[in-house]
Amino acid sequence: MLQLSGVSVSYADGTRALDDVSLSVPQGQFCVLLGPSGAGKSTLLKAINGLVIPDQGEIHIAGRIHHGSGRFPVATIHQSIDLVLRASVLDNVLHGALSEVSAVAAMFGWFGRQREREACALLERVGLSEAHLYRRAAELSGGQQQRVGVARAFMKQPQVVLADEPVASLDPRTSRDILQLLREAARERNVTVLCSLHDVGLAHEFADRIVAMRAGRIVFDGQPCTLDEMSVQRLYATAA
Amino acid sequence: MNASLHDNAATWRLRPIITARTIIVACIVLVALGYAGRRTEMDKLAQLSWQAIGSTIGLAPQSQVGDGLVRVVGGMFPLQLAEVRETARIPDFDPNGLPWGAHLETRTTTQTRIDPQTLEQRSESERTTVLVEPYGYVLQVARLLLETIVIAVWATVLALLLAFPCASLAATNYTPHRLIYTVVRGSSGVLRAVPELISALLLVLVFGFGPIAGVLALGLHTAGFLCKFFAEDIENADRAPQDALRALGASKIKVLRSAVLPLVGASYLAYVQYILERNIRSATVIGIVGAGGIGQELKGRFEMFDFGHVGTILCAILLTVLTLEVVTGRLRQRLL
């Protein structure tokens, strides 16, 4: 379970990006974050991942306080394609296990056969084949690269996956495929997914729960069917 | 669009293209260049060049530059291919065991000498037997060139071994401490600032004549360049994959290896190729101060006015550099 209690984050220029945010996401839930740009969605994900230190509040993952250590079972999928494009597909997936191997092993790229087999299984799960294994990530399409990104995130064997607008740069059909894949993979492994999206339609289609944010605060928290058209218009209309 | 907006834009004041400041700066630059030109004999260069052009098209009787060029370039051809040595000067010479393709010739030379008794000039004919190896000098040049290339290769290896680990210490985003960054950057700057010919001169005094001084002089000088190039590439590498791996919990060194190295690998290879080429060119020069390689032979032949030999050496160097350019270019294409 992911639990946030009274989390606040302020940036150096005084902007209050998160204002007393409390949220509890049960294990295995696919939770979508909605809200206009600057609402605090990315900051919330960064705070959970430990890339931003909260001024106040606590974050618990599986009952333990999260301090942002790399060994915590949290993996991230980003909005831009952030693979190492000159490295092979296999290497990119194995990068998900970097926090599990020693520095010497990482220097020589030794991840062990077992991890390589796990990476192969994940690649097959996200719909890629043996032919893609040693191709450079740069040679893949945007959708295929995001599939590798999903495989890399699950390679860490996380309990929580944070997806920061993972389909922002993809066409509608590929976006659906990636979200479907993310939801299925998370359900199979009982992984909590916190995914920020801009497309309300996709949120309705895939989310178990929608959390809407505005000006660093949660303004809606409920099932997709309870988020009506008026609420959506209010959510985006008042944004600067 | 509002028409009044266009009317306002027509009245906006634009800066003049040439201002009084532009003219003053241009005048200062011209005066400075004129003064520097006098100091560096640019006027003489212009005069000699005009003289040479005039001589070429028949407007001037002769030219110092033209005559010099004809003397030097003309002396280089035909190229010296054969090695001719007096058998009397070859230790343990065995006429039955001549090198492959070599033959013996008897040459008669006439020398004018003064008789110490009568103080009269006398012509004396002397017959000497010489060993002629038809491509002996070409082979000697090839051997020396190989030594030069080996010096350059080892210098490049040394530069790589020094620069590679130092690069991350000299990159602002990966250095463990600002002091370490300053020390490594400063050291690489010092290595770059000392010309290899000067360091070779000093290292010859320390290590004696030979390739060691050459390898060290070139290796240390180019390590400074490689360290700077490598570090700047690390600093400019795409941030997105690095942030992604950091978000997955990878430490700095793991991010450097897994996200930065694959990104900068291709340009690293290009830098090493450039440094190898540069070292081969420089290795031909540092021999002049006794640091091994073909430069030593070039200097000796030049001082003895053996322009045929000099021509052979220069052609061999040119051929080597061109071959290297082609080979490394293809190698890079295959590796990238």
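Thresholds, definitions, all that
Residues numbered from 1 in each chain as written. Chains lettered and ligands numbered in written order. Predicted model: local features only at pLDDT ≥ 70, side-chain atom pairs only at ≥ 80, totals over all residues. Heavy atoms only, no water. Domains from an automatic or database assignment. Contact = heavy atoms within 4.5 Å. Salt bridge = Lys/Arg side-chain N within 4 Å of Asp/Glu carboxyl O. Polar contact = N/O pair within 3.5 Å; in protein donor to acceptor, adjacent residues only side chain to side chain. Helix = DSSP H or I, 4+ residues; strand = E, 2+ residues; numbered from the N terminus. Nonpolar A, V, L, I, M, F, W, Y, C, P; charged D, E, K, R; others polar. Buried area = accessible area lost by both parts, 1.4 Å probe. Buried < 20%, exposed > 50% of the residue type's maximum accessible area, 1.4 Å probe, protein only. Pairing = 2+ DSSP bridges.

Draft legend 1. Examining the domain arrangement of chain A more closely. Residues and elements named next belong to chain A. When cut into domains, chain A gives domain 1 (1-73 + 160-240) and domain 2 (87-157). Across the boundary between the two partners, domain 1 contributes 18 residues, which contact 13 residues of domain 2. Linking domain 1 to domain 2 there are three salt bridges. For Glu188, the salt bridge identified is with Arg125, shortest N-O distance 2.7 Å. Scanning the region where domain 1 abuts domain 2 turns up three residue pairs in polar contact (both at pLDDT 80 or more). Of all the elements, helix α6 (residues 172-189) adds the most residues to the side of domain 1 that touches domain 2, at 10 residues. Taken together, the residues that form the side of domain 1 that touches domain 2 break down as 11 nonpolar, two polar and five charged.

Draft legend 2. Summary view of the interface of chain B and chain A. Counting residues at the interface gives 18 residues for chain B and 27 residues for chain A. Between chain B and chain A the total buried area reaches about 1800 Å² when both faces are included, carbon and sulfur atoms providing 66% of it. Our count for the chain B to chain A interface comes out at six residue pairs in polar contact (both at pLDDT 80 or more). Within the residue set of the side of chain B that touches chain A, elements represented by two or more residues are α9 (239-247) and α10 (252-286) of chain B.

Draft legend 3. Molecular detail of the pairing of strand β7 (residues 160-164) of chain A. Residue and element names in this part refer to chain A. The element β7 is extensively covered by neighbouring structure, given that five of its five residues are classed as buried. With four bridges connecting them, strand β6 (residues 74-77) and β7 associate as parallel partners. Residue pairing across strands places Ile77 opposite Ala163, the latter belonging to β7. With five bridges joining them, β7 and strand β8 (residues 192-196) adopt parallel strand pairing. Within β8, the residue paired with Leu162 across the bridge is Leu194.

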